[in-house]
Amino acid sequence: MHIYIIYKSLTGNTKKMAFEIKKGIEKAGGKAIITSNTSIVPQKGDLFFVGSGVYLNFLHPSIKKILFKNNWSGVKLALFSSCAFNSGAKHMRSIEKEMRKKGAIILGTLCLRTSGILRFFALGRLSRNLFRAPAFGEKITNRAFGKRVKISSKKTRIHGYLKQAL
Ligand SMILES: Cc1cc2nc3c(=O)[nH]c(=O)nc-3n(C[C@H](O)[C@H](O)[C@H](O)COP(=O)(O)O)c2cc1C
């Protein structure tokens, strides 16, 4: 099973998420290829993390293209995004539904909201919530490998609520 993290990021937030997700994948024993190259063709059995910022209520056009122009049947897919408002997170949920219809095996979705006054000017930053990204990578990779996490302290950490453990 190959693991890919494909992202587009205009101001750097989603890129940060992508690299944090990679750390989580590695923690779960996986090895990921991280890239902004959206011409990769998904293959059955592979695990794809696909992420984008939300721009005027849409994903980056090339991310939309990789999602909607390919056959995702039997491909494990996890979506991630960063956005400034709730509407962005809502948009990701609708994408998730569409991808399920296209046959993708959706393993999870993570939307992080930017904070600070600058988010109203589309220049917000991810801060305290970024710790959820590696937890997401680890959780999804475990899921894809069919690994059950039994130790409860590990479970809690993977849930993403124990910053210091990362
Ligand atoms: C041109 C532009 C349009 C945006 N439109 C939206 C939007 O419609 N909804 C939203 O929640 N956030 C919106 N944002 C905020 C971004 O989604 C947010 O800052 C995100 O973290 C950007 O990701 P990036 O740093 O990876 O590019 C917009 C940002 C830009 C630059």
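Residues numbered from 1 in each chain as written. Predicted model: local features only at pLDDT ≥ 70, side-chain atom pairs only at ≥ 80, totals over all residues.

Enquirer: What am I meant to see in the overall build of the protein chain here?
Expert: Looking only at helices and strands, one finds five helices and six strands in the protein chain. Each helix and strand of the protein chain, placed in order from N terminus to C terminus, yields the pattern β-α-β-β-β-α-β-α-β-α-α. Expected size for 166 residues packed as a compact globule is a radius of gyration near 15 Å; at 15 Å, the protein chain falls within 12% of this value. Taking the principal axes of the C-alpha coordinates as reference, the protein chain spans close to 45 × 40 × 25 Å. Counting every position in the protein chain, which comprises 166 residues, the buried fraction comes to 42%. Contacts in the protein chain between residues far apart in sequence, at least 24 positions, make up 74% of those at least 6 positions apart. (Helix = DSSP H or I, 4+ residues; strand = E, 2+ residues; numbered from the N terminus. Rg over C-alpha atoms; globule rule 2.2 N^0.38 Å. Buried ≥ 20, exposed ≤ 12 C-beta atoms within 10 Å, placed from the backbone. Contact = placed C-beta atoms within 7 Å.)

Enquirer: Any chance you could explain the site of the ligand here in plain terms?
Expert: Around the ligand, the surrounding shell holds 21 residues, and the nearest of these are S9, N13, T14, G53 and G88. Only α1 (13-27), β3 (47-55), β5 (76-83) and α3 (86-101) provide two or more residues apiece to the shell around the ligand. When its residues are assigned to classes, the shell around the ligand shows eight nonpolar, 12 polar and one charged. (Near = placed C-beta within 6 Å. Nonpolar A, V, L, I, M, F, W, Y, C, P; charged D, E, K, R; others polar.)

Enquirer: What's the story with helix α4 (residues 132-145) in this structure? I'm lost.
Expert: Given 3.6 residues per turn, any residue in an α-helix points the same way as the ones three and four places further on. Here α4 spans 20 Å end to end across 14 residues, near enough to the 20 Å set by a 1.5 Å rise per residue. α4 sits mainly inside the fold: 12 of its 14 residues count as buried. Within α4, the full set of buried residues consists of R132, A133, P134, A135, F136, G137, E138, K139, I140, T141, N142 and A144. Looking at the buried residues of α4, the elements they touch are α1, β3, β5, β6 (105-113) and α5 (152-159). Positive phi appears at G146, one or two residues downstream of α4, with a value of about 70 degrees. (Expected span 1.5 Å × (residues − 1).)

Enquirer: Hey, could you run me through the pairing of β5 in this one?
Expert: It is a general feature of regular strands that their side chains alternate between the two faces of the sheet. Most of β5 sits out of view: eight of its eight residues are buried. Because side chains alternate across β5, one face comprises the buried residues K76, A78, F80 and S82, and the other comprises L77, L79, S81 and C83, equally buried. In this sheet, β5 lies alongside β3 in parallel orientation, the contact comprising seven bridges. Paired with G51 across the two strands is F80, which belongs to β5. Both β5 and β6 contribute to a ladder of eight bridges, which runs parallel. The partner of L77 across the bridge, within β6, is I106. In this fold, the crossover linking β5 to β6 by way of α3 has right-handed handedness. (Pairing = 2+ DSSP bridges. Right-handed = clockwise from strand over helix to strand, strands pointing away.)

Enquirer: Looking at this structure, how should I read the environment of S73?
Expert: Looking at the element boundaries, S73 is found in the loop between α2 (61-69) and β5. Accessibility expressed as a C-beta count within 10 Å gives 11 for S73, which makes it exposed. Separated by 59 residues in sequence, S73 and R132 place their C-alpha atoms 28 Å apart. Excluding its chain neighbours within four sequence positions, the residues that come into contact with S73 are K44 and G103.

Enquirer: Please clarify how the packing of α1 against α4 should be interpreted in this entry.
Expert: When two helices pack together, their arrangement is given by the angle between the helix axes and the distance between those axes. Their axes nearest at 6 Å, the elements α1 and α4 cross at an angle of 45 degrees. By the angle class used here, α1 and α4 are oblique. With respect to the hand of their crossing, α1 and α4 are arranged in right-handed fashion. Across the interface between the two elements, M17, E20, I21, K22, K23, G24, I25 and K27 of α1 pack against A133, P134, A135, F136, G137, E138 and T141 of α4. (Axes fitted to C-alpha atoms, helices over the stretch in contact; angles between N-to-C directions. Parallel < 35°, antiparallel > 145°, perpendicular 65-115°, else oblique. Left-handed = near helix turned anticlockwise from the far one by under 90°.)

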